[in-house]
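# Survey of secondary and tertiary structure
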Amino acid sequence: MQEETLTKHEQIIRYIEELSIGTHISVRKIAQALEVSEGTAYRAMKEAETLGYVNTKDRTGTVRVEKKEPQPIDKLTFAEVVNIVDGEVLGGTSGLHKSLNKFVIGAMQLEAMKRYIEPGNLLIVGNRTQAHLYALGQGAGILVTGGFQTLDEAKELADELELPIISTSYDTFTVATMINRAIYDQLIKKKIMLVHDIIRTDARVYSLRAEDTVSDMQHWMDETGHTRFPVVDERNKPIGMVTAKDVVGAEAGQPIHQLMTLDPLTVGDQAPVASVSHTMVWEGIELLPVVDKDGKMVGVISRDDVLKAMQYLQTQPQHGETLEDQIWSGMEKARGKDGEFYYRGTVTAQMTNPVGTVSEGILTTLMSQVAIRTIREQKRGDLIVDSSSNYFLLPIPIDSVIECVPNVLEMSRKYGKIEVDIFCDGKRMAKSTFTCRLTD
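My aim in this report is to walk through the structure given alongside it, one point at a time. Given the structure is predicted, the values throughout are model-derived calculations rather than measurements.

The rules behind these values
- Within any chain, residue numbers begin from 1 and follow the written order of that chain's sequence.
- It should be noted that, the model being predicted, local features are given only for residues of pLDDT at least 70 and side-chain atom pairs only at 80 or more, the latter also being counted only at that level, while totals for whole chains, interfaces and linings use all residues.
- The side-chain values count all of the structure's non-hydrogen atoms but skip hydrogen atoms and water molecules.
- Salt bridges are identified by distance alone: a Lys or Arg side-chain nitrogen within 4 Å of an Asp or Glu carboxyl oxygen.
- Labels follow the DSSP assignment, with helices taken as runs of H or I lasting at least four residues and strands as runs of E lasting at least two, numbered in each case from the N terminus.
- Whether a residue is buried, partly exposed or exposed follows from its accessible area with a 1.4 Å probe, protein chains only, as a fraction of its type maximum: under 20%, in between, or over 50%, in that order.
- Patches here are clusters of residues that have more than 30% relative accessible area and form no salt bridge, with a 9 Å joining cutoff for like charges and a 5 Å cutoff for nonpolar side chains (Val, Leu, Ile, Met, Phe, Trp, Tyr).
- Accessible surface area values rest on a Shrake-Rupley calculation with a 1.4 Å probe, where residue burial reflects the displayed protein chains alone.
- In the analysis that follows, any N or O atom pair within 3.5 Å is treated as a polar contact, provided that within protein one partner can donate a hydrogen and the other can accept it, and provided that, for residues neighboring in sequence, both atoms belong to side chains.
- When checking whether two residues touch, look at their non-hydrogen atoms; a contact exists if any pair is within 4.5 Å.
- Cavities and pockets are found on a 1 Å grid laid over the protein atoms alone: a cavity is a set of points where a 1.4 Å probe fits but cannot escape, a pocket is an open set with protein on both sides within 12 Å along at least five of seven lines, and a lining residue has an atom within 4 Å of such a point.
- Grid points are joined across faces, edges and corners, and a volume is the space filled by probe spheres set on the points.
- Gly counts as polar in this scheme, as do all residues outside two lists: the nonpolar Ala, Val, Leu, Ile, Met, Phe, Trp, Tyr, Cys and Pro, and the charged Asp, Glu, Lys and Arg.

## Looking at the pattern of salt bridges
Under the defined criterion, the tally for this structure stands at 13 salt bridges. Glutamate 17 is paired through a salt bridge with lysine 293; the nearest N and O atoms lie 3.0 Å apart. Placement of glutamate 17 in helix H1 (residues 8-17) and of lysine 293 in the loop between strand S14 (287-291) and strand S15 (297-302) is noted, with a sequence separation of 276 residues between them. Between arginine 437 and aspartate 386 there is a salt bridge; the shortest N-O distance is 3.0 Å. Pair noted here: arginine 437 is in strand S21 (residues 427-438) and aspartate 386 is in strand S18 (residues 383-392), with a separation of 51 residues, a long-range link. Arginine 437 gets classed as partly exposed once you look at its relative accessible area, which sits at 29%. Looking at aspartate 386, the relative accessible area reads 31%, which means it is partly exposed. In the salt-bridge network here, residues are joined through shared partners; they are Glu419, Asp421, Arg428 and Lys431.

Right, dumping it as structure tokens:
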């Protein structure tokens, strides 16, 4: 089997991957080592940083680091806690990979603390050395706040039991806040569905080569029932896309490369499904090749796959609130005298700017949410906002009660146009017009 040919960019990425953890690297060193231009080395270094292979910090420069694999929130590890609090590991390093199940803040006497400490916990405490020893004995890890150390006896016990002792310069309150924020951010990310969550890894991906013929494609169409195929090169990188329409009237022996659409759009497996949905609707694409970090095809994703995933997401419970969720949480649906519905809510302090009136960004978000929810109720599908025209007529002070009134101007199977007005005390305060594409 002929060895695969790597591009210079791929060679640099592989070179960086093979470096030892902690190695200091630079664009110039890589350019000299691999005999490539500094521009090529720089672009590859930036991608390696995006992939998590290197990290650049002030004073220390660029260093090869261990790539951090994403961990589910219900399996938070001691190693992740070290990263969250910028901690130093005093002992029990071999247990950093272990998961923890609960945080215990040791803001009480040791005797009172004992009832709360269980195996798999992380005790957050200051320089309470006896508490350190007791927690280790109960199978719990320790996070020492305030930059304090611990006894050598505790370090030895931590190594023996493989239970980490972590020290951080932050105080207990700050540490608890940092951990809660990190967990909350992960809960929000948990509900974001990515392409790799929905592509099938247990099924064969059918593709064609540029030198294959119309007859070959016809064989696969009959075999699989598919009408679209990605075309890949010898390194399995997508170079084209061919559909049944492209080969209508073509000779059976005609090569595919003469009929395919060149340079197809591709998507990475870490891309959010919502972003892919927008691309497929906007470009009118039915099938997208999914590629890995080297640009090699690992699967395909169809418009049906995306729509099913988006519909599934809408039925799932919230795991964490985004800023948009928080802004909308104070709004409630109401009915007018003529039966038309609108949304009503009170302006809170979080929605205002420094002078005490609602910020334009918040108003835009509110009007956008009203438009999206109105169209979803009528069409029972998903949509993508194309454009909006916003007008801010009068300032809205804090604690005001506002009413957001939608008016559907136009609606078809694939297109919608809606107007949203915001009223306060009977006066129109803001207005927006949205156009959108419907994906169902």
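## Some words on a nonpolar patch on the surface
Residues Tyr391, Leu393 and Leu394 make up a contiguous nonpolar surface patch of about 290 Å² in total accessible area. Along the chain, leucine 394 falls in the loop between S18 and strand S19 (401-411).

## Points about the side chain of serine 432
Tracing the sequence through the fold places serine 432 in strand S21. Side-chain polar atoms of serine 432 contact the backbone oxygen of serine 389, separated by 3.2 Å. Excluding residues within four positions of it along the chain, serine 432 makes contact with Met367, Ser388, Ser389, Asn390, Ile418, Glu419 and Val420.

## A look at the layout of surface pockets
If you add up the space inside the second largest pocket, you get close to 550 Å³. Around the second largest pocket, the lining comprises 21 residues; the ones closest to its centre are His226, Leu287, Val300, Ser302 and Asp305. Among the secondary structure elements, those contributing two or more residues to the lining of the second largest pocket are strand S10 (228-232), S15 and helix H12 (303-314). Each residue belonging to the lining of the second largest pocket can be placed in one class, and the counts come to 9 nonpolar, 5 polar and 7 charged.

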